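# Inside the fold
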Amino acid sequence: MLALLADSTIRTVALGAALLGISSGVLGCFAVLRRQSLLGDTLAHAALPGVCLGFLIAGSRDLGSIMLGALATGAAAALAVLLLTRTSRLKTDAALGIALSLFFALGVVLLTFIQGRGNSAQGGLDSFLFGQAAAMLRSDLWIMGAITAAALALVAIFWKEFKLASFDPGFAASLGLPVLALEAAMTAMVALAVVVGLQMVGVVLMTAMIIAPATAARQWTRSLGAMVVLSALFGTLAGVTGAVISAASRGLSTGPLIVLAISAIVFLSLLAAPGRGLAWAALRHWRNRRNLESQQVLATLYRMAAEHGDRRHPVELGTLDTFHGTPTRRALSRLERQGLVRPVRHEPERTPHWELTPQGLAQARRLLTDTGGDRDGEEMS
Amino acid sequence: MTAAPFVPAVADRKGAAVPDRLHEPQLALHVEDLTVSYDSKPVLWDIDIDIPPGVMAAVVGPNGAGKSTFIKSVLGLVRPTAGHVRIFGRPYGMQRRRVGYVPQRSSVDWDFPTTALDVVGMGLYGRLGWLRRPGRRERDEARHALEQVGMQDFAHRQISQLSGGQQQRVFLARALVQQADLYFLDEPMAGVDATTERAIVDILHRLRAQGKTLVVVHHDLQTVRSYFDWMVILNIRAIAQGPVSQVYTAENLRKAYGGQIALIEHESFGGSGATAQTLGGG
């Protein structure tokens, strides 16, 4: 891998991928927390007509003008969404969908128009659809780096304002914060992240870079600061991994590889993150079920003992199995390990019997008399 | 009044500069001719509401009566179609630092990655102003507020792991650090258990004893008389307002709730008093 990074083209691509990972990782956090993931999708697709316009105006494949164009049409799309939701009965998701398809269609038409002109300078403008990392120049890194640095500075300066406007816009407004301007700034940041990723992953897959690192980071962290840092790390890791695999394989497309890498991180995070992951939820569910089973068996033993008026009344395993309609041997073993029941002989029968220990009796009484109590101390998650 | 760090909009609704002249300064809240509409349908119609300082006022009314909208338009979160609002004699933009706000608990996403202490600290952002970060002093203040609502042990707990009642107390603590003179609370007792409700009422009574004014959107008519001393009955129009002992009448409640309410004459109160039970919707 070090040998690969010694190659200057590959180094450029890897650096670009890292910049992309940092910027979209950090800026995507606010979009995801504000439940505006789809906005990233719309802004990314809406960048395509801007790319074409930038190319037409500059007359060449100059990254600066292409990025400016992408920003401009991204802003226009965001504005269109705002106007559609404010002035019509359309909900935000519908407005986002309409803006996405409209701007993307415009972009494709412009793209085919440019290609139809047979201009030799059009040099693979369609690479902005899925990205083409190999076409990246060293000078492009400076532009990407500058945009990333500017966006990060914005986040650092207005950290607490962005946080409050994302969490509780109503309260923020009551303090006198210009919530509308802050929301516009956060939308603009998503557009900036899109612009940084244009060359690397292209407009179609860019949304993944905005949503995925933040979603994965959310699984592992408990504070916004940690989430933003981890999201940037995940983004960078995926970016560099994609770039290196692409370089090692000579020919596999970089952008999609980066997206696959970040998707793998998301998958792992959704599955395994402590407390929030699916594996944890499944484990908790399984434990609860096992507990419930044990408690039911304990309650049955208690009831039968009560019926016989003998607190140490031995109950045959078969009786318990029949009563519960399922084998109870494992539940009994668990209870035995907890010291709540013990196996006994009940002469002259030769089959296994079980009775409550004094602790088991007390525990069963608690179970059957305790019906709730103070719900306030209970955790909700 | 020193200017708030977040540059206050010292302009009135129509853009005209407001002369720095007090208007009804003897009132904690003065609302005149306020009309708010969504899609040209009135949500609040031409209401006049005056609340004197030092009272704890319940804002009651059926669903859709505009109770939350009333608070939001006073705080400038909703733009009124007509009318004006004064807080201790001045527009809200000039008085932000004297006002505390507890939004409805359901208005935010409690899965946001943050702790109880951090949320309480957000109440100080207005005073901090731009660029300045909360430091140790702010953290101490936030911790003290958490103690006041009995939540000190949960300071570093994720807010998603708090129960509804605990979340509500965190919101209350955030308003406490604002150290305001006038508090607006939107349904602070909604969906909390009896213990929490009692705790919240105690805190509110303590604030009133310190001379603060409280305006509380409240959904439970049965507790109005035991908790509050002032009352505003709202149903798009302002139906009645004043001391609870005078306003809490069968006549007034029937005007606001219409058929939704069953009134039971309360013997100890004679003819003028009544307890009420909301039937559907509440």
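Residues numbered from 1 in each chain as written. Chains lettered and ligands numbered in written order. Predicted model: local features only at pLDDT ≥ 70, side-chain atom pairs only at ≥ 80, totals over all residues. Heavy atoms only, no water.

### Focus: the sheet that holds strand β2 (residues 41–51) of chain B
Residue and element names in this part refer to chain B. Pairing within the open sheet is antiparallel, and its 3 strands lie in the order β2-β1-β4. Among the strands making up the open sheet, the edge pair consists of β2 and β4 (82–87). Direction aside, the axes of adjacent strands within the sheet are offset by 20° on average. Sheet topology places strand β1 (residues 29–38) next to β2; 7 bridges connect them, and they run antiparallel. When the bridges of β2 are listed, Val31 appears paired with Ile49. (Pairing = 2+ DSSP bridges. Helix = DSSP H or I, 4+ residues; strand = E, 2+ residues; numbered from the N terminus. Axes fitted to C-alpha atoms, helices over the stretch in contact; angles between N-to-C directions.)

### Quick word on the interface of chain B and chain A
Contact residues are listed per partner, giving 43 residues for chain B and 32 residues for chain A. Together chain B and chain A conceal approximately 3,300 Å² of surface at their shared face, both sides included; 57% is due to carbon and sulfur atoms. If you sort the residues of chain B by the area they bury against chain A, Phe112, Pro113 and Trp130 of chain B come out on top, with a joint share of 20%. Taken together, the connections running from chain B to chain A amount to 4 salt bridges. Its salt-bridge partner being Asp118 of chain B, residue Lys163 of chain A comes within 2.8 Å of it at the nearest N-O pair. Our count for the chain B to chain A interface comes out at 12 residue pairs in polar contact (both at pLDDT 80 or more). (Contact = heavy atoms within 4.5 Å. Buried area = accessible area lost by both parts, 1.4 Å probe. Salt bridge = Lys/Arg side-chain N within 4 Å of Asp/Glu carboxyl O. Polar contact = N/O pair within 3.5 Å; in protein donor to acceptor, adjacent residues only side chain to side chain.)

### Thoughts on the environment of Leu176 of chain B
All names here are of chain B. Along the chain, Leu176 turns up in helix α6 (residues 164–176). Remark: the alpha-carbon pair of Leu176 and Ala142, spanning 34 residues in sequence, is separated by 8.8 Å. Residue contacts for Leu176: discarding those within four places in its chain leaves Ala145, Gln148, Val149, Tyr183, Ile203 and Leu207.

### Notes on the packing of aromatic side chains
Scanning the model with the defined rule gives 8 aromatic pairs over all chains in all. Centre to centre, the rings of Phe30 of chain A and Trp159 of chain A are 6.2 Å apart; their planes meet at 80°, and the pair counts as edge-to-face. You can see Phe30 of chain A sitting in helix α2 (residues 8–33) and its partner Trp159 of chain A sitting in helix α8 (residues 159–167), a full 129 residues away along the chain. When sorted by exposure, Phe30 of chain A lands in the same class as Trp159 of chain A, which is buried. Note on Phe167 of chain A and Phe112 of chain B: the rings are 5.3 Å apart at their centroids and 50° apart in plane angle, and the pair reads as tilted. Of this pair, Phe167 of chain A sits in helix α8 while Phe112 of chain B sits in the loop between β5 (99–102) and α3 (116–121), each in a different chain. (Phe/Tyr/Trp six-rings, centres within 6.5 Å; stacked < 30°, edge-to-face > 60°. Buried < 20%, exposed > 50% of the residue type's maximum accessible area, 1.4 Å probe, protein only.)

### Remarks on unusual backbone geometry
Residue and element names in this part refer to chain B. Positioned with a positive phi, Asp46 is a non-glycine residue whose angle comes to about 50°. A relative accessible area of 43% means that Asp46 is categorised as partly exposed. A positive phi angle is found at Glu187, which is not glycine, with a value near 50°. Here Glu187 is to be found in the loop between β6 (182–186) and α7 (194–209). For Glu187, a relative accessible area of 17% gives the class buried.

### A word on the confidence of the model for chain B
All names here are of chain B. Per-residue confidence for chain B gives a mean pLDDT of 83, with 84% of residues at or over 70. Confidence drops under a pLDDT of 50 for residues 1–5, and excluding neighbours within four residues, the segment shows 9 contacts in the predicted structure. Low pLDDT, under 50, characterises residues 264–282; the stretch is placed with 44 contacts to residues that sit more than four places away or in other chains. (pLDDT = per-residue confidence, 0-100.)

### A closer look at the packing of helix α4 (residues 63–87) of chain A against helix α10 (residues 179–220) of chain A
Residues and elements named next belong to chain A. Following both chains from N to C, one finds α4 and α10 inclined at 140°, their axes separated by 9 Å at the closest point. It follows that α4 is oblique to α10 by the angle criterion. α4 and α10 meet at a crossing whose hand is right-handed. Residue-level inspection shows Leu63, Ile66, Met67, Ala70, Leu71, Ala78 and Arg86 of α4 in contact with α10, the latter providing Leu180, Thr187, Ala191, Leu192, Val195, Val196, Leu198 and Gln199. In terms of residue class, the contact of α4 with α10 is built from 12 nonpolar, 2 polar and 1 charged. (Parallel < 35°, antiparallel > 145°, perpendicular 65-115°, else oblique. Left-handed = near helix turned anticlockwise from the far one by under 90°. Nonpolar A, V, L, I, M, F, W, Y, C, P; charged D, E, K, R; others polar.)

### Observations regarding the pattern of salt bridges
Residues and elements named next belong to chain B. Tallied over the full model, the rule gives 14 salt bridges over all chains. For Asp181, the salt bridge goes to Arg98, with nearest N and O atoms at 2.8 Å. Here the residue Asp181 occupies a position in the loop between α6 and β6, and Arg98 occupies one in the loop between α2 (92–95) and β5, the gap between them amounting to 83 residues. Taking relative accessible area as the criterion, Arg98 reaches 23% and is therefore assigned partly exposed. Where Arg254 meets Glu251, a salt bridge forms, and the shortest distance between an N and an O atom there is 3.9 Å. With Arg254 and Glu251 both in helix α10 (residues 250–257) and 3 residues apart, this pair spans about one turn of that helix.

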